[in-house]
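Topology and contacts: notes
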Amino acid sequence: MNVNGDGCMGWISRMARGSALLALFLVATASAQAEAQEPASDGDVVVSIRPLALITAALMEGIGEPRILLADGASPHHYALKPSDMRSLTDARLVVWVGPDLERFLDKPLSRTQAHTLALTQSHDATDKADHHEHEHEDTHDDHGDTHDEHEHDHHGVDVHPWLDPGKALEMSHEIAAELEKIYPQHADLIASNLRAFESSLAAVDERIDEMLKPVSTRGFYVFHDAYSGFVGHYGLNQLGYFTLNPSQKPGARHLAEIREQLEAQHAVCVLSEPQFSSAVVDAITSGLPLNHAELDPLAMGVSPTADAYPLYLLELAQRIESCLAE
């Protein structure tokens, strides 16, 4: 073949441009693959409290770990954000919280973050709350202000402890998984697989707990903090009442006297307290009575967020309740 000088140079030039385009294509492809395989960074997902981390961690298995905002022992009812907390919220890609009825301190800070935010409960209208609080105030004036602070924690029908209800926890897992898929689309299949595994594990434990608690379901008990309505309703238990709405506030004298009367009438066989708060009130009101006592932790202190942590946490709660209600 006879190729003149211009033709040869043109051919070489076209080859060079082709090679350059191929190189750019390979670089772009490699970059896209690397991005798709990039693991989650610590702090990508922030959850307000440890129980939510137990659910979220199961869905993030093989991807990364959620960061827990509140340290063990801190109360979501009363918490002041530190500068490091605000940095965590600013750097996060997803923030999961119960909602303003529980973590009121997060309401304004979350409006200033670019992260996806997922509130797992919806707040009622502030006017409705004000009317309800005014009505409650008329009924409790005799306690001379002992229960005034509790009014601020009457959530007007909103369950601010939804993780203690297995049915609601299942619903929350679907909501969290959907948000995780938005920030990790490259891990959508893994998130879906993790969700199925979580559903299966929760269903098995739920059935086991139901069988465990059914024989003691009619036996009456009191809890220290009004946090367990979801768990109690799900398993059909006989909770007679609670010591306080606000776990950081001493119950009113009239309310404690009513509880004492119930206990003396042997309407209850068990009192359940919590490790976060002093048991002095419970000890005083139950002194001299033939009652069982157990401790429940609604905030799962010390439980490591692993793939099977949430079902096992529920199982431990159930075992403590069953032991307390047993004869």
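Here we come to the state of the cysteines. In the structure shown here, the tally under the stated rule is one disulfide. A sulfur-sulfur distance of 2.0 Å marks the disulfide that ties cysteine 270 to cysteine 324. Handedness here is read from the sign of the S-S torsion; for cysteine 270 and cysteine 324, about 105°, the answer is right-handed. Taken as a pair, cysteine 270 in strand 7 (residues 270–273) and cysteine 324 in helix 12 (residues 309–325) lie far apart in primary sequence, 54 residues in all. By the burial criterion, cysteine 270 is buried, and cysteine 324 matches it.

Okay, the environment of glutamine 276 next. With respect to the element layout, glutamine 276 can be found in the loop between strand 7 and helix 11 (280–286). Note: C-alpha distance between glutamine 276 and aspartate 72 (204 residues apart in sequence) is 9.2 Å. When residues no more than four places from it in sequence are discounted, the contact partners of glutamine 276 are Asp297, Pro298, Leu299 and Met301.

With parallel pairing, four strands are arranged side by side in an open sheet as 6-5-7-8. Of all strands in the sheet, those bounded by a partner on one side alone are strand 6 (238–244) and strand 8 (292–295). Within the sheet, the average angular offset between the axes of one strand and its neighbour, ignoring direction, is 25°. Each of strand 5 (220–225), strand 6 and strand 7 is contacted by helix 10 (residues 253–264), which is oriented at about 145° to strand 6, the strand it contacts most.

This part covers helix 3 (residues 83–91). Structural remark: α-helix, 3.6 residues per turn; residues separated by three or four positions point the same way. Listed in full, the buried residues belonging to helix 3 are Asp85, Ser88 and Leu89. Buried residues of helix 3, viewed axially, fall in a sector of 95°; they line one side. The exposed set on the far side of helix 3, more than 90 degrees from its buried face, consists of Pro83, Arg87 and Asp91. Those residues of helix 3 that are buried lie in contact with strand 1 (45–47), strand 2 (67–68), strand 3 (94–97) and helix 4 (107–110).

Procedures and definitions
Residues numbered from 1 in each chain as written. Predicted model: local features only at pLDDT ≥ 70, side-chain atom pairs only at ≥ 80, totals over all residues. Heavy atoms only, no water. Disulfide = S-S within 2.5 Å. Helix = DSSP H or I, 4+ residues; strand = E, 2+ residues; numbered from the N terminus. Buried < 20%, exposed > 50% of the residue type's maximum accessible area, 1.4 Å probe, protein only. Contact = heavy atoms within 4.5 Å. Pairing = 2+ DSSP bridges. Axes fitted to C-alpha atoms, helices over the stretch in contact; angles between N-to-C directions. Arc of directions from axis to C-beta.

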